[in-house]
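# Fold and contact review
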Number of protein chains: 4
Amino acid sequence: MTGKLTGVIPPVVTPLTEDRRLDVESFERVINRLITAGVNGLFVLGSTGEVAFCTDAMRAQVIDAAVRIVDGRVPLLAGVIDTQTARVLDHVTAAAAAGVDAVVATAPFYAVTHTPQIRRHFEILGDRAGIPVYAYDIPVCVHTKLDPDLLVDLGRSGAIAGVKDSSGDDIAFRRLCLKNRAAGEPLTLLTGHEFVVDGAYLSGAHGSVPGLANVDPDGYVRLHRAFLEGDWATVRGEQDRLAKLMEICLSAKGITGWGAGVGAFKTALMLQGVITTNQVPEPFDALTGADVEAVRTILAAVGPRALDPATR
Amino acid sequence: MTGKLTGVIPPVVTPLTEDRRLDVESFERVINRLITAGVNGLFVLGSTGEVAFCTDAMRAQVIDAAVRIVDGRVPLLAGVIDTQTARVLDHVTAAAAAGVDAVVATAPFYAVTHTPQIRRHFEILGDRAGIPVYAYDIPVCVHTKLDPDLLVDLGRSGAIAGVKDSSGDDIAFRRLCLKNRAAGEPLTLLTGHEFVVDGAYLSGAHGSVPGLANVDPDGYVRLHRAFLEGDWATVRGEQDRLAKLMEICLSAKGITGWGAGVGAFKTALMLQGVITTNQVPEPFDALTGADVEAVRTILAAVGPRALDPATR
Amino acid sequence: MTGKLTGVIPPVVTPLTEDRRLDVESFERVINRLITAGVNGLFVLGSTGEVAFCTDAMRAQVIDAAVRIVDGRVPLLAGVIDTQTARVLDHVTAAAAAGVDAVVATAPFYAVTHTPQIRRHFEILGDRAGIPVYAYDIPVCVHTKLDPDLLVDLGRSGAIAGVKDSSGDDIAFRRLCLKNRAAGEPLTLLTGHEFVVDGAYLSGAHGSVPGLANVDPDGYVRLHRAFLEGDWATVRGEQDRLAKLMEICLSAKGITGWGAGVGAFKTALMLQGVITTNQVPEPFDALTGADVEAVRTILAAVGPRALDPATR
Amino acid sequence: MTGKLTGVIPPVVTPLTEDRRLDVESFERVINRLITAGVNGLFVLGSTGEVAFCTDAMRAQVIDAAVRIVDGRVPLLAGVIDTQTARVLDHVTAAAAAGVDAVVATAPFYAVTHTPQIRRHFEILGDRAGIPVYAYDIPVCVHTKLDPDLLVDLGRSGAIAGVKDSSGDDIAFRRLCLKNRAAGEPLTLLTGHEFVVDGAYLSGAHGSVPGLANVDPDGYVRLHRAFLEGDWATVRGEQDRLAKLMEICLSAKGITGWGAGVGAFKTALMLQGVITTNQVPEPFDALTGADVEAVRTILAAVGPRALDPATR
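Taking an unreviewed UniProt entry as the reference, chain A is identified by name as Dihydrodipicolinate synthase family protein belonging to Mycolicibacterium mageritense. In UniProt, chain A has this text filed under Sequence similarities (unreviewed entry): "Belongs to the DapA family."

Structure (structure tokens):
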């Protein structure tokens, strides 16, 4: 499994209907488009996949639909995000029973924990999950940064199979890559930062988990293949274009935070005709008006030309 | 309901058996002791009540047991803590169906939100809960501070009935009290800071939600009654003693964070003979050895003399 | 000296001319008005006193003017704020030579330090200053919170004579008061929080250093005297009024941060006829237009009636 | 000037004697070694150069010595770090009079400022400095992140000539590079992050300001030349080695924060025979014992082989 999980593994958006139920048909189009583009795996119920907003019933629907749609074509990972160990374990059990290939868990949050508890948390998950566990390092959400030495220890002991790094800390990531290499590469290391996937590859990442790949899967696949060929000029050029495209997430005036980012991904997918609406979960509202136009403008300028199929 | 919820409303601990199931008999002893001491309400599944650690099944057990034990003797509040609105609503529905009198909800967390979404979140809860909603201001856990003007607005519109303030921000609390008074007192304001309940009363709090009241309910009841009588010398003296007792939460050497605080409450309750073990949920370990002795020493010096019943 | 430094010790504003030189005549009026009101000491070059904005030449002017104007009528403290130990020592030497009675120093800042260096910093200052040193706990500026145990240790060893607490952490302040009392009161403890001086007194403060006392010295003197008499009803009432008046610092729409707070103090003093302009140092601009009117409105409603001398 | 300031511009350490005076002979050896290695400029009185610890007299000594030693061989930049505008301007005046080629200034700190004041601060500096001003983005010290749009605006208006980025935010840096390019490259962009200079070059950096270049100037010069030749395999390999060497800054057990980093640079320079002692300013202590041995071990394993001159 670890071997498979290199390359591009997009965190898949969760398309909603106007009344905020799962839009299964749009979900199917999103997933099939990603697989067609050549991604190496799929990650549902990440931060991009609205895990924090989905009720348990909704999480089950998303996983069941994804297992059915993917149908073994690529590895399927599921986020099992919750506050503390026992609650995460409930999600692990449900996800494993539904047939995902691996789960992705953060450090504990809400109640304050420190390194000994974070270590124990991942040890418990690794011990009881039955399927591979990936550590999700996302301090902007959980307010804890996972230490590189801790992660490599957890890799060596087999508790975790890899790391999805959304830490915003490229220095710690370089250190993690070097320590992992010195330990014999127990961990698969994936970056979640759409803007600087190229730098992460230079640092030693084995793959990427870019939310923007929902909008432009070909771009991130192309970037990854150029990296494998050592063609850094192409890597860099593609990354520069994708970084300009990622500005869709910073263009909204009417909304901020999570809703601006995922709201922009969904808006771009709607404009590309992939999903039906750009609806987002409560307490957020979908982008409208000038915010939609801002996405359209950026997409037209530096996007994958999905708005102009004739040029593809 | 709002009128009733002044005075001392302890956040009740959730006693566990050694193998981390709910210890119903200990829970019964804790609750009955609190009611006997004269508290004005009870709050289960707060941060002290391990809400972040309890699975949904465990949350249901805790609420069902509390409803049965309390049996209408005092108002019962339940924490409905979860990441975002839809997940919180699931807990609200379950708690209301089980018979609690009110629920306590934080701002959304994990995914980043800002004021407009926080406002909408509480408006949705207030609109759909069917029972009173209290806002829980606890930035150390949710990493957002609730703004005094927002809270008073939500009180005026009827979305929330009150605030449990665990913000650690006495300036914002004073401002909240004054703004609430200027608006005609729509909100019941409760402080969660064991160390400085007296200052909160001076600022305008209507009551307190002190975790340490699990250990010393008489002390906080005495403090509250002295406040009602305007006897500030007694208020201050009792608070000084309780602040010294609260040092049990900062005395552990072997553990930090949440486990040091609630671990100390449980250890003190065990030493007082109220609960059977001081077990805490994974990924934490119960206090042991010198950490237990530190609690014992402080309890003997400044505690409610529960260890020496002859002197009561 | 320590004995003297209880009561109200305002951090004195530094009035400027339009072209941002020291306005000595206004400074004289501010200081004399404070002494007339019965304050127990004066603190120049605090955060309110623009220490971070004053060149060394300007700091010397401020101290020289203050020494001359105060002329021994009350103890005079001076801020010696700078990044690290050697730079602070230069200011200490200058201030002591100019004749101040004590200096006020923060933890080191800019370069990251931890407890051992902070301890050493204050030990060096205490050892070499020749006059009493007060520790200034102001994490919003220096991004380090001074630990209560460290402060009491430094008091016991004679390195520092007291603490000005602007930490915004009322729990730590209560703990500091109790630990200081248990150690035999080596430290004089002063609160800098205008909104909650009453709570700090309840916790054990010996005095206050409220910037708002520039605007309403009588109020804080009255509050302190009521505290000394144990008249908590008056303490609380006066504090409620002063808290409402302190809203001048949160009323500006055109400016935020430091300039909103000190800008409002200066604007109120200008409206009261005490200083000539409300000029503030670069890179800030003085309050104008609606921001000035907001200060005027609050001052008229809950101020010391300085605008209507006939009613005094 | 802007054109010249690409490439490697090390922030030069400030060698001290045991009694903490400037060690001019060691300083001379450090500077000459850097110039011999082919660096493109020198930056004295940066964070690495102890600017926060140097008295004004010491700052003058450092600048005077550097001007004399460098003698025009490469451009010389000086840090003019201080809390707010007027104090920074005093340092600018002194540095310009002493003959440096450009100055490096941070956002204001200590007193809280926001974007309008930060913008005004740099506009004032740019207007009055008379020599080029570089913005130093170092939130770990000043607790403000400089916004990419603001920086490009300041570049376009001529207020600043470039940016030294020590922000630890590779996403913002990529955005800054792209926005600067879109604006016609008004800014020279330099990275201060020793661990990930390669990624910064990929993002669009024109040069680097690595403290570790004091220890291994050849490495960073080699890395830069490989970058200019588009030889990314060499860039990456050299960066991996330098990242391993940079672990000297994280190896100390006896000290943390600033003193661990610069303390390690100085210790390595002492072990290399370049400077006489590894003394650091108060309130820090020099590395000793096992901390020195840890530096020695890393230096021997992945350093520039300075300890084994025969192999050079």
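More follows now that the structure is in view.
Either a parallel or an antiparallel arrangement is found when strands of a sheet pair, and the pairing is made through backbone hydrogen bonds. All names here are of chain A. Pairing is parallel across the open sheet formed by eight strands, whose spatial order is 1-8-7-6-5-4-3-2. At either end of the open sheet lies a strand with only one pairing partner, and these are strand 1 (7-8) and strand 2 (42-44). Sheet topology note: the strand 3 (residues 76-79)/strand 4 (residues 102-106) ladder contains three bridges and is parallel. In the strand pairing of strand 4, Leu77 is matched with Ala102. With respect to the sheet, helix 7 (residues 170-182) is in contact with strand 6 (162-165) and strand 7 (188-191), its orientation differing from that of strand 7 by roughly 165°.

Assignment of secondary structure puts Arg87(A) in helix 3 (residues 85-98). Residue class for Arg87(A) comes out buried when judged on its relative accessible area of 3%. Leaving out residues up to four positions away in the same chain, Arg87(A) has contacts with Asp82(A), Val51(B), Ala52(B), Phe53(B), Cys54(B), Thr55(B), Asp56(B), Arg59(B), Asp82(B), Arg87(B) and His91(B).

Moving on, we come to the packing of aromatic side chains. For the coordinates displayed, the defined rule picks out 30 aromatic pairs over all chains. Aromatic side chains Phe227(B) and Trp232(B) sit 5.9 Å apart centroid to centroid with 65° between the ring planes, which places their arrangement in the edge-to-face category. Across this residue pair, the class does not change: Phe227(B) and Trp232(B) are buried. On the numbers, 5.3 Å between centres and 35° between planes, the contact of Phe109(C) with Tyr110(D) is tilted. Of this pair, Phe109(C) sits in the loop between strand 4 (102-106) and helix 4 (115-128) while Tyr110(D) is found in the loop between strand 4 (102-106) and helix 4 (115-128), placing the two residues in two different chains. Taking the relative accessible area as the measure of exposure, Phe109(C) reaches 3% and is therefore buried. Residue classification places Tyr110(D) among the buried positions, given a relative accessible area of 4%. Taken together, the ring pairs connect Phe109(A), Tyr110(A), Phe109(B) and Tyr110(B) into an aromatic cluster.

Let us look at the relation of the copies chain C and chain D. Of the transformation superimposing chain C on chain D, the axial component is 0.0 Å and the angular component is 180°, with the fit at an RMSD of 0.0 Å. On the angle and the small slide along the axis, the relation comes out as a two-fold axis. By residue overlap, the copies meet face to face through one surface: 100% of the interface positions of chain C are interface positions in chain D.

Take the interface of chain D and chain A next. Contacts between the two partners involve 26 residues from chain D, matched on the other side by 26 residues from chain A. At the boundary of chain D with chain A, total buried surface from both sides reaches about 2,400 Å², with 57% on carbon and sulfur atoms. By the criterion of area lost to chain A, the three top residues of chain D are Arg174(D), Leu202(D) and Arg236(D), representing 26% of everything that side buries. Where chain D touches chain A, the interface holds 10 salt bridges. For Arg174(D), the salt bridge is made with Asp198(A), and the minimal N-O distance between the two is 2.7 Å. For the pair chain D and chain A, the number of links is 12 residue pairs in polar contact (both at pLDDT 80 or more). Those elements giving two or more residues to the side of chain D that touches chain A turn out to be helix 7 (170-182), helix 8 (197-203) and helix 10 (232-246) of chain D. If you tally residues by element for the side of chain D that touches chain A, the top one is helix 7 of chain D, at seven residues. Of the residues contributing to the side of chain D that touches chain A, the split by class is 10 nonpolar, six polar and 10 charged.

Turning our attention to helix 12 (residues 289-302) of chain B. All names here are of chain B. Relative to the 20 Å expected for 14 residues at 1.5 Å per residue, helix 12 spans 20 Å between its end C-alpha atoms, a close match to the ideal helical length. Listing the buried residues of helix 12 in full gives Asp291, Val292, Val295, Ile298, Leu299 and Val302. End-on, the buried residues of helix 12 take up no more than an arc of 130°, which puts them together on one face. Those residues of helix 12 that are exposed and angled more than 90 degrees off the buried face are Ala290, Thr297, Ala300 and Ala301. Looking at the buried residues of helix 12, the elements they touch are helix 10 (232-246) and helix 11 (258-271).

Residue and element names in this part refer to chain B. Here strand 3 (residues 76-79) shows no split at all, with Leu76 and Ala78 on one side and Leu77 and Gly79 on the other all buried. Pairing between strand 2 (residues 42-44) and strand 3: three bridges, direction parallel. Looking at strand 3, one finds that Leu42 is bridged to Leu76. Crossover connection from strand 2 via helix 2 (residues 56-70) to parallel strand 3: handedness right-handed. Taken together, strand 3, helix 3 (residues 85-98) and strand 4 (residues 102-106) form a β-α-β motif whose crossover is right-handed.

A separate point is the relation of the copies chain D and chain A. Superposition of chain D onto chain A requires a rotation of 180° combined with a translation of 0.0 Å along the rotation axis, giving an RMSD of 0.0 Å. The residues that chain D uses at the interface reappear at the interface of chain A in 100% of cases, marking a shared surface.

Right, let's talk about the interface of chain C and chain D for a bit. On the side of chain D, 43 residues touch chain C, which itself brings 43 residues to the contact. Area buried by chain C at its contact with chain D is led by Arg87(C), Tyr110(C) and Pro283(C), which between them contribute 25% of it. Close ionic contact of Asp56(D) with Arg87(C) constitutes a salt bridge, the shortest N to O distance being 2.8 Å. Put simply, chain C and chain D have 17 residue pairs in polar contact (both at pLDDT 80 or more) between them. Counting only elements with at least two residues in the side of chain C that touches chain D, the list comes to helix 2 (56-70), helix 3 (85-98), helix 4 and helix 5 (139-142) of chain C. Looking at the side of chain C that touches chain D residue by residue, the class counts come to 21 nonpolar, 14 polar and eight charged.

Quick notes on the rules
- Residues numbered from 1 in each chain as written.
- Chains lettered and ligands numbered in written order.
- Predicted model: local features only at pLDDT ≥ 70, side-chain atom pairs only at ≥ 80, totals over all residues.
- Heavy atoms only, no water.
- UniProt positions renumbered as here; feature names shortened; annotations may be inferred.
- Pairing = 2+ DSSP bridges.
- Helix = DSSP H or I, 4+ residues; strand = E, 2+ residues; numbered from the N terminus.
- Contact = heavy atoms within 4.5 Å.
- Axes fitted to C-alpha atoms, helices over the stretch in contact; angles between N-to-C directions.
- Buried < 20%, exposed > 50% of the residue type's maximum accessible area, 1.4 Å probe, protein only.
- Phe/Tyr/Trp six-rings, centres within 6.5 Å; stacked < 30°, edge-to-face > 60°.
- Least-squares fit on C-alpha atoms with pLDDT ≥ 70 in both.
- Buried area = accessible area lost by both parts, 1.4 Å probe.
- Salt bridge = Lys/Arg side-chain N within 4 Å of Asp/Glu carboxyl O.
- Polar contact = N/O pair within 3.5 Å; in protein donor to acceptor, adjacent residues only side chain to side chain.
- Nonpolar A, V, L, I, M, F, W, Y, C, P; charged D, E, K, R; others polar.
- Expected span 1.5 Å × (residues − 1).
- Arc of directions from axis to C-beta.
- Right-handed = clockwise from strand over helix to strand, strands pointing away.

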